[in-house]
Amino acid sequence: MNELMRMLSYHFMQRALVVGVLVSLCAALLGVSLVLKRYSMIGDGLSHVGFGALAIASAFHLAPLGVAVPVVVLAAVGLLRMSQSSRVKGDALIALISSSALAIGVICVSLTTGMNTEVSSYMFGSVLSLSRSDAILSVLLSLAVLLLFIALYPRLFAVTFDETFARATGTRTGLYNTLLAVLTAVTVVLGMRMMGALLISSLIIFPALSAMRVCRSFRAVVICAACISVGCFVAGLVASFFLATPTGASIVVADLLVFGVCSLLGMRNIH
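Residues numbered from 1 in each chain as written. Predicted model: local features only at pLDDT ≥ 70, side-chain atom pairs only at ≥ 80, totals over all residues. Heavy atoms only, no water.

Draft legend 1. Representation of a nonpolar patch on the surface within the structure. Residues Met-1, Leu-4, Met-5, Leu-8, Phe-242 and Leu-243 make up a contiguous nonpolar surface patch of about 620 Å² in total accessible area. Elements with a contribution of two residues or more to the nonpolar patch: helix 1 (2–8) and helix 12 (218–243). Broken down by element, the residue count for the nonpolar patch peaks at three residues, all from helix 1. Mapped onto the fold, Met-1 is located in the segment before helix 1. With relative accessibility at 72%, the residue Met-1 sits in the exposed group. (Patch = residues over 30% accessible without salt bridge, like charges linked within 9 Å, V, L, I, M, F, W, Y side chains within 5 Å. Areas by Shrake-Rupley, 256 points an atom, 1.4 Å probe, with all protein chains shown as cover. Salt bridge = Lys/Arg side-chain N within 4 Å of Asp/Glu carboxyl O. Helix = DSSP H or I, 4+ residues; strand = E, 2+ residues; numbered from the N terminus. Buried < 20%, exposed > 50% of the residue type's maximum accessible area, 1.4 Å probe, protein only.)

Have a look at this one:
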C-alpha cells in the first residue's frame, strides 16, 4: 500500500491514471460496436494517421492534440465515406491510408527534428509525454465521448445490430456511423499518448472480444468490456511503474491474460 501511495504521489502518474481510465472506458464502449460491425481495424488505421499528424505537429512545433484530433477525425469520416463508395473497400483501404500517413510522418520527422524522444513516445507510448494541458483537454474530450455514447446508446445499438432495419425505421444510419467514426478517432488520438500508435488498437479490440466470450446480451458485453478495460489499464499501469516496463505493452499483456481467462470460461459455458 505504501508503494502504491508513492506511485500516486507523482503528478505524471496521477494524470496518466485519470486520463487512462477515461480513455479506456471510451475505447471499450466504442470497441464493442466496432468489433460487431467488423470495423475493429479502423483503430489501427487511425492510429497511424494520428502518428503522422503528431509527428508533423512536433516537427513544426505545433500543439500535438490540436493538430492530431481534427486530422484524425477527418480521416475517420473520409475512410467511412470512401469505404462505402470506393472500389477499394474495408481492410485494403485502411492499410492504404494508414501506411501512407505513417510514411509521411516518418519522412517529415527525418527531414526536420529527427527521431527524438517525443516522436518515439507517439510510436510506443509514454506516461511522461502527457502534460497538464494535454491531460485537461483529454479529460474534457473523453467526457464528451462518454456522454454522447450514453445519450445515443439506443441509436448506436440499432445501427450496430441491424443497420438495414434501423434505416427502414427512419434512423439516420449514415449520421450515426459517421458519429461512431468520429468518436473512435478522438479516442484513438487521446490513447496514443500512453499506448502508442502501435498498440492503441488493442485497447479497442481486446476488452470487447473478452467480454463477448462470457456475456450474451449487448448491454452485458458493454458493461463487462468497460470493467475489463479499466481493470487491465490500472493493472498495466501499476506493473509498468514497479517493473519499469513500457506502459502500453504492460496494458496489452494484461488484456491478453484476461482474454485467455475469458476464452477458457466461455469454452466451459459452451460445454
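Draft legend 2. Expanded view of the side chain of Ser-210. Summarising the element assignment, Ser-210 is placed in helix 11 (residues 200–214). Ser-210 has contacts with Ile-228, Asp-255, Val-258, Phe-259 and Cys-262, leaving out every residue within four places of it along the chain. (Contact = heavy atoms within 4.5 Å.)

Draft legend 3. Representation of empty space enclosed by the protein. The full count for this structure, using the stated rule, is one cavity of 30 Å³ or more. Its volume calculated, the largest cavity comes out at about 40 Å³. Grouping the constituent residues of the lining of the largest cavity by class yields six nonpolar, three polar and no charged. (1 Å grid on protein atoms, 1.4 Å probe; cavity = no way out; pocket = protein on both sides within 12 Å on 5 of 7 lines; lining within 4 Å. Points joined across faces, edges and corners; volume = space filled by probe spheres on them. Nonpolar A, V, L, I, M, F, W, Y, C, P; charged D, E, K, R; others polar.)

Draft legend 4. Examining the packing of aromatic side chains more closely. Taken as a whole and judged by the stated rule, the model has eight aromatic pairs. Ring centres 5.9 Å apart and planes at 50 degrees place the aromatic pair Tyr-10 and Phe-241 in the tilted group. Placement of Tyr-10 in the loop between helix 1 and helix 2 (11–36) and of Phe-241 in helix 12 is noted, with a sequence separation of 231 residues between them. Chaining the aromatic ring pairs together yields one cluster made of Tyr-10, Phe-12, Phe-241 and Phe-242. (Phe/Tyr/Trp six-rings, centres within 6.5 Å; stacked < 30°, edge-to-face > 60°.)

Draft legend 5. Spatial organisation of the packing of helix 7 (residues 132–151) against helix 8 (residues 153–161). Direction vectors running N to C along helix 7 and helix 8 enclose 70 degrees, while the axes themselves pass 5 Å from each other. Judged by the angle between their axes, helix 7 and helix 8 are roughly perpendicular. Seen from helix 7, the contacting residues are Phe-149, Ile-150 and Ala-151; seen from helix 8, they are Tyr-153, Pro-154 and Leu-156. By residue class, the composition of the contact of helix 7 with helix 8 is six nonpolar, no polar and no charged. (Axes fitted to C-alpha atoms, helices over the stretch in contact; angles between N-to-C directions. Parallel < 35°, antiparallel > 145°, perpendicular 65-115°, else oblique.)

Draft legend 6. Inspection of unusual backbone geometry at higher detail. The phi dihedral of Ala-244 falls on the positive side, at around 60 degrees, and the residue is not glycine. You can see Ala-244 is positioned in the loop between helix 12 and helix 13 (247–270). A relative accessible area of 68% means that Ala-244 is categorised as exposed.

Draft legend 7. Representation of the environment of Pro-207 in the model. By the element assignment, Pro-207 lies in helix 11. In this structure, the C-alpha to C-alpha distance between Pro-207 and Ala-27, residues 180 residues apart in sequence, is 8.7 Å. In contact with Pro-207, not counting residues within four places along its chain, are Ala-28, Ser-202, Ala-225, Ile-228, Ser-229 and Asp-255.

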